Amino acid sequence: MARRNDVRRYPGFLGITLFCLVVLYAPLVVVAVYSFNASPSITLWGGFSFRWYEEVFFGLEAEKFKRAAWNSVTIALMAGGAATVIATAAALGMVRAGRFRGKGASFALLSLPIMAPEIVTAVATLIFFSLIGLTLGYGSILLAHIVFCIPFAYLPIAARLEGIEGAFDEAAQDLYATRWEAFRFILLPLLAPGIVSGFLLAFIISLDDFIITNFVKGAGVETLPTAIFGAVKQGIKPDIMALSTLMLGISIVLVTISYFVGKAGSTRR
Amino acid sequence: MKDGGQADAVELRGVVKRYGAVTALKETSFAIRDNEFFTLLGPSGCGKTTLLRMIAGFEEASAGEIRLYGEDIAALPPNLRPVNTVFQQYALFPHMNVAENVAFGMRMKKVPKPEIERRVAEALALVKLEDFAARRPSQLSGGQQQRVALARALAPGPKVLLLDEPLSALDLKLRQAMRVELKEMQRKSGIAFVFVTHDQEEALTMSDRIAVMSAGEVRQIGDAQKIYEEPADRFVADFIGETNLLEVEVARTGPEGAAIRLAGAEFIAAPRADVKAGEKTVASIRPERITLVAPAGGLTGVLERLVYLGTDWAATIRLDDGRQITARAQNAHGQKLPVGPGERATILIDEGAPRLLPR
Amino acid sequence: MAGGGAGGGGRTQSAAFAPVRLWLLLPSWAVIAIFMGLPLLIMLVYSFLTKEFRGGVIWEFSLAAYDRFVFDRGLFGDDPPVLNTTYLTIFARSLIQALVATALCLLIGFPAAFYIATRPPEQRTLWLLLITVPYWVNLLIRTVSMKFLIRENGPLNEFLMGIGLISEPLPLVNTDIAVQLGLFYSYLPFMVLPIYAAVERYDFSLSEAAADLYADRWTILREVTLPAVRPGVIAGCILVFIPSLGAFLAPDLLGGARTFMIGSLIEEQFKGAAGDWPFGAAAATILMTIVLIALLLHARAEARREV
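These numbers come from a predicted model, not from an experiment.

Rules used throughout
Residues numbered from 1 in each chain as written. Chains lettered and ligands numbered in written order. Predicted model: local features only at pLDDT ≥ 70, side-chain atom pairs only at ≥ 80, totals over all residues. Heavy atoms only, no water. Helix = DSSP H or I, 4+ residues; strand = E, 2+ residues; numbered from the N terminus. Rg over C-alpha atoms; globule rule 2.2 N^0.38 Å. Buried < 20%, exposed > 50% of the residue type's maximum accessible area, 1.4 Å probe, protein only. Contact = heavy atoms within 4.5 Å. Areas by Shrake-Rupley, 256 points an atom, 1.4 Å probe, with all protein chains shown as cover. Buried area = accessible area lost by both parts, 1.4 Å probe. Salt bridge = Lys/Arg side-chain N within 4 Å of Asp/Glu carboxyl O. Polar contact = N/O pair within 3.5 Å; in protein donor to acceptor, adjacent residues only side chain to side chain. Core = buried A, V, L, I, M, F, W, Y, C linked by side-chain atoms within 4.5 Å. Pairing = 2+ DSSP bridges. Axes fitted to C-alpha atoms, helices over the stretch in contact; angles between N-to-C directions. Arc of directions from axis to C-beta. Left-handed = near helix turned anticlockwise from the far one by under 90°. Nonpolar A, V, L, I, M, F, W, Y, C, P; charged D, E, K, R; others polar. Phe/Tyr/Trp six-rings, centres within 6.5 Å; stacked < 30°, edge-to-face > 60°. Lys NZ or Arg CZ within 6 Å of the ring centre and 35° of its normal. Domains from an automatic or database assignment.

A few points about the overall build of chain C
- Scanning chain C for helices and strands turns up 12 helices and four strands.
- Over its C-alpha atoms chain C spans a radius of gyration of 24 Å, topping by over 25% the 19 Å that the globule rule assigns to 307 residues.
- Overall size of chain C, expressed as C-alpha extent along the three principal axes, is 75 × 70 × 35 Å.
- For chain C, with 307 residues in total, the buried portion stands at 48%.
- Contacts spanning at least 24 positions in sequence make up 63% of the contacts within chain C whose residues lie at least 6 apart.
- As displayed, chain C offers around 14300 Å² of accessible surface, 67% of which is attributable to carbon and sulfur atoms.

Here is the structure:
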């Protein structure tokens, strides 16, 4: 087909796409590069070095960041896990339980945490916790994270579930499987990639959150984002760039895992 | 697995299915015999799949009894009914290989492992897929998937096999080959097959008996010849094969048939007890029972269109009273029709060919 | 399918879990209703209470929080009211910034999404992965990185001066432009993904039909493609507009006092020295109301489309 006659082609669209990628990646690449800068000045290049990574792990503030990282990861694991369980049940109830009155309202409720701006959620949650007298700290962060992780876990799980033929359930039951066996041997294995994606998404969203955590964390308890934010307020230091680069690396690893899990799931179909 | 005795494989007594205000299946009673290839035939939306799904247990009957070899199964969930289904899109479990798919039903029935293995091998041999046991369904062609679905449904030893338009996803050649194989498999397995299709050719070639359905109702049950030659009503006559439906007047009735008047000419229709002389009714006349000859009185018209179809010629004739009929002439012995397009012709109808239908 | 009056559509949708539906849905309903719905209502109530000076509220009905948006009544609220446009300006700036960010993301995101969706399938996933990876990177880190990049003696200015495009470093940080850049950068993937999904489903034989009927390609885009992929475009705009309106990190880190947005204003009421909870709750309520109006308009437009 002659390129100029192809209705899928528009001049300049490739350029704009590349521009998007430059805008998206330039800051990350620059920070990653400068995290290996030997010079303590953030403006001048002083040769390649791992010193800021050593600083992150063994420096003056290492203890603070390690505690914050521990909080971040444990909260993300628990919040992601709890949200995934709740979201899986909800997806089965929405997608595999026929039509019912209030399905639209149910979906609206499920997506409420995505739809509300984070700052609003943060304010509402803080006011609620203070009204019921909940002490702010690790527990309050975990609770808030479970809530806003639910829709993020729900979406990939429900999408996956919608792609699984209803006939599989029926075929299993036709072949003498009880409801539980049909779920255990057929639906669950087929849904697994969706559940993994849902968990990973919820995990990252929890790890990523700053605004809500900042409101409900109370004094003394920090997660990585709040700790970094506090440090950045004093100016961008090279060790922060090293820490950021580490988190960048972790995120990319997780995306890659999620990508391959999704891919493995799709070729099986 | 058979109970012996004289009980029918499946018996429906006054079965009704309603979805809210919509009646998907009107009150229906009939029996499917032991060891029979039985087909539910009808256009989409006629209730045939609903009926099949009620036998399988996926839909609950709103009223009536469904008996399997004499036992009422209406209250049983699908996993407790000794019937298996071949699904339209096969519904092969994508995360299991062929052998695991075939074994699944027996695994759920807690059949001992060695026996499962033996019967999986048997079932795969039956469908000639012994070498594909370790493949995933996605690595198989449509025809192979279809065979796996069959093996999976037959392996647990069901009392009745249900097939929901299993050939509709295959291309024409494969579909034709599978018809023969399916019939063969039914004979070998010795159980009743209940086959749902909208394809009349499929139904006619495979079935021992056919139930023709329309708008939630069974219109006629009979073997292929009976529903083609002796359609019970307009719908069946029109749906099965091609036909001319013409308004006629009954001239006389007699034991060897009724004389009918069509545009001034008289013909002999198949006998029918409940028609009286002078009554107006509808006759179904198959195109291949009509012959065109050079004009010689009787029923005459103009040959408007002649279409070459390879094995046949299809002729459209405008009768002198303005009505249209079609005729088929076999393209045998290289003969040409005695009349050409635009010419006048006399129309002969085989004696006893017109079927009088209830109005 | 001959499903009678039942299912209808092409594929069988199982209702296997219908008997336990309530038990499956109850946990999510309960958690979100109690820890999200109820708090939003309480926030609404708080916006009508009287402020406690050390943070928190006194349970006394008051319109002072809303009044404060428009009038200045002095430190103790008993001076004669003077019109005060400080907060109105902040809201207006936030709205304008969010609208500009949405427009910018659309202008850049649409061609990118369109380009990606028209690649061969095996290339598509790679492009898509490239666009989504930054979304998975911590927003705080991305914003900090942007600040590092555009600061006065940062790499961007050095680069621009190096190629001779400018002679003085651009004072980007602490300007509306920096905040805008931050918003655009933060939420661009939200625009690309839904539009990509819509274009991928778009039937290009429609474009070919239009081309056959003498339309040039930009006319095709405007008259045929855009209307067909409109739901994706609108979804993208909403996904960018909502978080931009309530954004906190971009204005806080990239902007300064002159680029204050709603998010920072609210944060200040609860975390900062100003500490007026009812006022913060009122600002959050107004923000939520704007979002709800946007969502309702969208839902109504969608409902009308489907009729």
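There is more to say after this.
Overview of the overall build of chain B
- Helix and strand content of chain B: eight helices and 20 strands.
- Referenced to the eigenvectors of the C-alpha coordinate spread, the extents of chain B come out at roughly 80 × 45 × 40 Å.
- Here chain B holds 359 residues, and 51% of them are scored as buried.
- Restricting the contact set of chain B to residue pairs at least 6 apart, pairs at least 24 apart contribute 66%.
- Accessible surface, chain B as shown: approximately 15800 Å² in total, 48% of it carbon and sulfur.

A short note on the interface of chain B and chain A
- Each partner contributes to the interface: chain B provides 28 residues, whereas chain A provides 19 residues.
- In total, chain B and chain A occlude about 2200 Å² of area from one another, counting both sides; carbon and sulfur atoms represent 63% of this.
- Our count for the chain B to chain A interface comes out at two salt bridges.
- Among the salt bridges present, the one from lysine 110 of chain B reaches glutamate 181 of chain A, with a minimum N-O distance of 3.1 Å.
- Viewed at the interface, chain A and chain B are joined by seven residue pairs in polar contact (both at pLDDT 80 or more).
- When contributions to the side of chain B that touches chain A are tallied by element, the ones reaching two or more residues are α1 (48–56), β6 (83–86) and α2 (98–108) of chain B.
- By residue number, the principal contributor to the side of chain B that touches chain A is α2 of chain B, which donates four residues.

Looking at the nonpolar core
- In terms of nonpolar packing, the biggest core is built from 221 residues, with Ile127 of chain A, Leu40, Phe93, Phe104 and Val160 of chain B together with Met43 and Ile266 of chain C touching the most fellow members.
- Discounting chain neighbours no more than four positions away, the residues touching methionine 43 of chain C are Val120, Val123, Ala124 and Ile127 of chain A together with Ala281, Ala284 and Thr285 of chain C.
- Core analysis: the second largest hydrophobic core is formed by 35 residues, Ala103, Met106, Val148 and Met206 of chain B among them.

Remarks on the sheet that holds strand β8 (residues 192–197) of chain B
Residues and elements named next belong to chain B.
- Pairing is mixed in the open sheet, where six strands are placed in the order β6-β7-β8-β3-β9-β10. Lying at the two open borders of the sheet, with one neighbouring strand each, are β6 and β10 (217–222). Ignoring strand direction, the axes of neighbouring strands in this sheet form an average angle of 20 degrees.
- Relative to strand β9 (residues 209–214), strand β3 (residues 37–41) runs parallel, the two being bridged by four bridges. In the strand pairing of β9, leucine 40 is matched with alanine 211.
- Set on the sheet, α1 makes contact with β3, β6, β7 (160–164), β8 and β9; between it and β7 the angle comes to about 145 degrees.
- Along the sheet, helix α4 (residues 142–154) contacts β6, β7 and β8; its crossing angle with β6, the most-contacted strand, is approximately 175 degrees.

Describing the interface of chain C and chain A
- Contacts between chain C and chain A engage 91 residues on the former and 101 residues on the latter.
- Buried surface at the junction of chain C and chain A, both sides included, amounts to about 9000 Å², of which 77% is carbon and sulfur.
- In terms of surface lost to chain A, no three residues of chain C exceed Trp136, Phe148 and Arg217 of chain C, which account for 9% of the buried area on that side.
- At the junction of chain C and chain A, the tally comes to two salt bridges.

Quick word on helix α2 (residues 51–58) of chain A
- If you check which residues of α2 of chain A are buried, you get Trp52, Tyr53 and Val56 of chain A. The buried side chains of α2 of chain A occupy one side of the element, clustering within an arc of 105 degrees when seen end-on.

As for the packing of helix α1 (residues 13–34) of chain A against helix α4 (residues 121–136) of chain C
- It is the contact of α1 of chain A with α4 of chain C, at a shortest axis distance of 9 Å, that shows an interaxial angle of 35 degrees. When you trace α1 of chain A past α4 of chain C, the crossing you get is left-handed. Taking contact as the criterion, the partners of Leu14, Thr17, Leu18, Cys20, Leu21, Leu24, Tyr25 and Leu28 of chain A in α1 of chain A are, on α4 of chain C, Trp127, Leu129, Leu130, Ile131, Val133 and Pro134 of chain C.
- Of the residues assigned to the contact of α1 of chain A with α4 of chain C, the class counts are 13 nonpolar, one polar and no charged.

A closer look at the sheet that holds strand β19 (residues 344–349) of chain B
All names here are of chain B.
- On the basis of which strands lie adjacent, the open sheet formed by five strands has the order β15-β19-β16-β17-β18 and antiparallel pairing. The sheet is open, and its two edges are formed by β15 (290–293) and β18 (324–330), each paired on a single side. Taken pair by pair, the neighbouring strands of this sheet meet at an average axis angle of 45 degrees, ignoring direction.
- When strand β16 (residues 299–308) meets strand β17 (residues 312–319), the two strands line up antiparallel, connected through seven bridges. If you follow leucine 306 over to β17, its bridge partner there is alanine 315.

Things to note about the pattern of salt bridges
- For the structure shown, the criterion picks out 42 salt bridges over all chains.
- Connected through salt bridges with shared partners, the residues Glu170 of chain A together with Lys17, Arg53 and Glu59 of chain B form a single ionic network.

Looking at unusual backbone geometry
All names here are of chain B.
- In this structure, tyrosine 69 takes a positive phi of about 45 degrees despite not being glycine.
- Structurally, tyrosine 69 is set in the loop between β4 (63–68) and β5 (71–72).
- What makes tyrosine 69 buried here is its relative accessible area of 7%.
- The residue tyrosine 90 is not glycine, and still its phi comes out positive at about 75 degrees.
- Mapped onto the elements of the fold, tyrosine 90 is located in the loop between β6 and α2.
- Look at tyrosine 90 and you get buried, because its relative accessible area is 5%.

Overview of the packing of aromatic side chains
- All told, the structure shown has 44 aromatic pairs over all chains when counted by the stated rule.
- With centroids separated by 6.1 Å and ring planes inclined at 35 degrees, the aromatic side chains of phenylalanine 110 of chain C and phenylalanine 114 of chain C adopt a geometry described as tilted. In this pair, phenylalanine 110 of chain C and phenylalanine 114 of chain C both sit in helix α3 (residues 86–117), four residues apart, roughly one turn of the helix. No difference in accessibility class separates phenylalanine 110 of chain C from phenylalanine 114 of chain C, as the two residues are buried.
- Through a chain of ring-to-ring contacts, the aromatic side chains of Tyr10 and Phe13 of chain A together with Phe110, Phe114, Tyr202, Phe204 and Trp218 of chain C assemble into a single cluster.
- Above the plane of the ring of phenylalanine 185 of chain A lies arginine 107 of chain B, whose end atom (NZ or CZ) is 4.6 Å from the centre.
- Positioned over the ring face of tyrosine 115 of chain C is arginine 119 of chain C, at 4.0 Å from the centre of the ring.

Topic: the domain arrangement of chain B
Residue and element names in this part refer to chain B.
- The domain architecture assigned to chain B consists of domain 1 (3–237) and domain 2 (242–357).
- Inter-centroid distance (C-alpha atoms) of domain 1 to domain 2 is 39 Å.
- With nine residues of domain 1 at the contact, the number on the domain 2 side is nine residues.
- When domain 1 packs against domain 2, the two sides together hide about 800 Å² of surface, and 48% of this comes from carbon and sulfur.

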